[in-house]
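# A closer look at the structure
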Amino acid sequence: MSQITAFGTYVPEKIIDNHFFEGLIDTNDEWIISRTGIKTRRYSKDGEYTSDLAYKAVQNLMESSGKDISDVDFIVVCTTSPDQPMPNAASRVQYKLGIQNTGCNDIYAACAGFVYGLQMAHGFINSGVYKKVLVIGSETLSKITDMSDRTSCILFGDGAGAALVEPGEEQFLAFNSGTNGDLGHDLYLSHKKNSINGVGINPNSKIVQNGRSVFKWAVGNIPIKIRELVDKAGLTMDDIDYIVPHSANLRIIEAIAKSLDYPMDKVPESVTEFGNTSSASIPIAIEKSRKNGGIKKGDIVLMIGFGGGLTFAGTIVRWNL
Ligand code: UT7
């Protein structure tokens, strides 16, 4: 039986508004707001990488909870933008924290990563393999964004969120996940290979997407998967106090809410202020909601991440903080 016992986030200081892009590409503030909802995003400094943001999110978790994490026995960092492919980001966080005897692994599931991380932590704890697991979603997407591609560069931002998962009264009520690898070529980052599914791709080490296809897939599938998850937990939509989808684009979030006939004021988002921060977007949205008097102890919160794969992962938790 497992629960989230502490939570923390971090976003870099540097605020990037939409006018920043007007000097780089053919775009404008009005287009970006009307098509994405994004007003600002944060960019990490030169020399500031994913494990640095992850470490700061864990520091925030420790400060806000007073929790001792010296005996954490597993760290999982969910990211698409690790400092480097090897060593993994989790090992860099372990080093910065100075924790001993800690297993370290990264989850590479793009915007679904954080929820996959929670699923993994729940499995570790409920099977008795580990007792204290740190799940961190952290991204420095600004470092892997193609600033000459106007269809993607306006979307992404940097940030991190961390959750501590420990044994306790069961807080996780259901999980689901699924993947459409047949659409893998619609959202990718390739260092070498130049095709996916036989479709030519650009191995430029930057995020490349077919925005319309990802949009259509998310809006067509995620509401169905949310209903399936609610059923799996033996609940009804009325029981769900908040739905926190990945903050990809405000229009995607609004379309999901509309399709479910679910009120937007119960759908926390982080995209308008922080852009699409991939695996960090759900924890940042949750923290923002908590600070604004939204999510509170006892609430039933559904989280669902979706993105590159194309893959999704969902969970329903009874929020305990
Ligand atoms: O975390 C998962 C990662 N990815 C996503 O979630 C992406 C999901 N998709 C999206 O967010 C949206 O598809 C975008 C924001 C990327 C694009 O919005 P859209 O409403 O789907 O626009 P579109 O691709 O249909 O393009 C409409 C027009 C096109 O011009 P034409 O062909 O109609 O003349 C684009 O070239 O808008 C043009 N356009 C832009 N114009 C100004 C595309 N990007 C821009 C831009 N500024 N930045």
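What comes next is a walk through the structure.

Cut-offs and rules
- Residues numbered from 1 in each chain as written.
- Predicted model: local features only at pLDDT ≥ 70, side-chain atom pairs only at ≥ 80, totals over all residues.
- Heavy atoms only, no water.
- Disulfide = S-S within 2.5 Å.
- Near = heavy atom within 4 Å.
- Polar contact = N/O pair within 3.5 Å; in protein donor to acceptor, adjacent residues only side chain to side chain.
- Areas by Shrake-Rupley, 256 points an atom, 1.4 Å probe, with all protein chains shown as cover.
- Helix = DSSP H or I, 4+ residues; strand = E, 2+ residues; numbered from the N terminus.
- Nonpolar A, V, L, I, M, F, W, Y, C, P; charged D, E, K, R; others polar.
- Pairing = 2+ DSSP bridges.
- Axes fitted to C-alpha atoms, helices over the stretch in contact; angles between N-to-C directions.
- Contact = heavy atoms within 4.5 Å.
- Buried < 20%, exposed > 50% of the residue type's maximum accessible area, 1.4 Å probe, protein only.

## A look at the state of the cysteines
Under the criterion given, the structure shown has 0 disulfides. There is no disulfide at C104, and the cysteine sulfur nearest it, in C78, is 13 Å away. Residue C111 stays outside any disulfide, its sulfur separated by 12 Å from that of C78, the closest cysteine.

## Focus: the site of the ligand
Surveying the vicinity of the ligand reveals 21 residues, the closest of which are T27, Q209, R212, N249 and N276. Within the contact set of the ligand, a nitrogen atom lies 3.4 Å away from a side-chain nitrogen or oxygen of W31. In this structure, an oxygen atom belonging to the ligand sits 2.8 Å away from a side-chain N or O atom of H246. Burial of the ligand by the surrounding chains reaches 78%, relative to a free accessible area of 940 Å². Secondary structure elements with two or more residues in the shell around the ligand: α2 (29-36), α6 (211-232) and α7 (250-260). With 4 residues, α6 is the single largest residue contributor to the shell around the ligand. When the residues that make up the shell around the ligand are grouped by side-chain class, the tally is 8 nonpolar, 8 polar and 5 charged.

## Structural notes on the sheet that holds strand β5 (residues 103-107)
Ordered by their spatial adjacency, 5 strands build an open sheet running β1-β7-β6-β4-β5, and the pairing between neighbours is mixed. At either margin of the open sheet sits one strand with a lone partner, and together these are β1 (2-10) and β5. Across this sheet, the average inter-strand angle for adjacent strands is 20°, counted without regard to direction. As defined by bridge partners, β1 adjoins strand β7 (residues 158-167) across 8 bridges and the pair is classed as antiparallel. Considered in β7, the bridge of A6 is made with L164. Each of β1, β6 (133-140) and β7 is contacted by helix α3 (residues 50-65), which is oriented at about 120° to β1, the strand it contacts most. The sheet contacts of helix α5 (residues 113-126) involve β1, β4 (74-78), β5, β6 and β7, and relative to β6 the element is tilted by about 165°.

## Re helix α9 (residues 281-291)
Across the 11 residues of α9, 8 count as buried, placing the element largely inside the fold. Here the buried face of α9 lies against β1, α5, β7, β13 (242-245), α8 (271-274) and β14 (300-307). Immediately downstream of α9, the backbone of G293 shows phi near 80°, a positive value.

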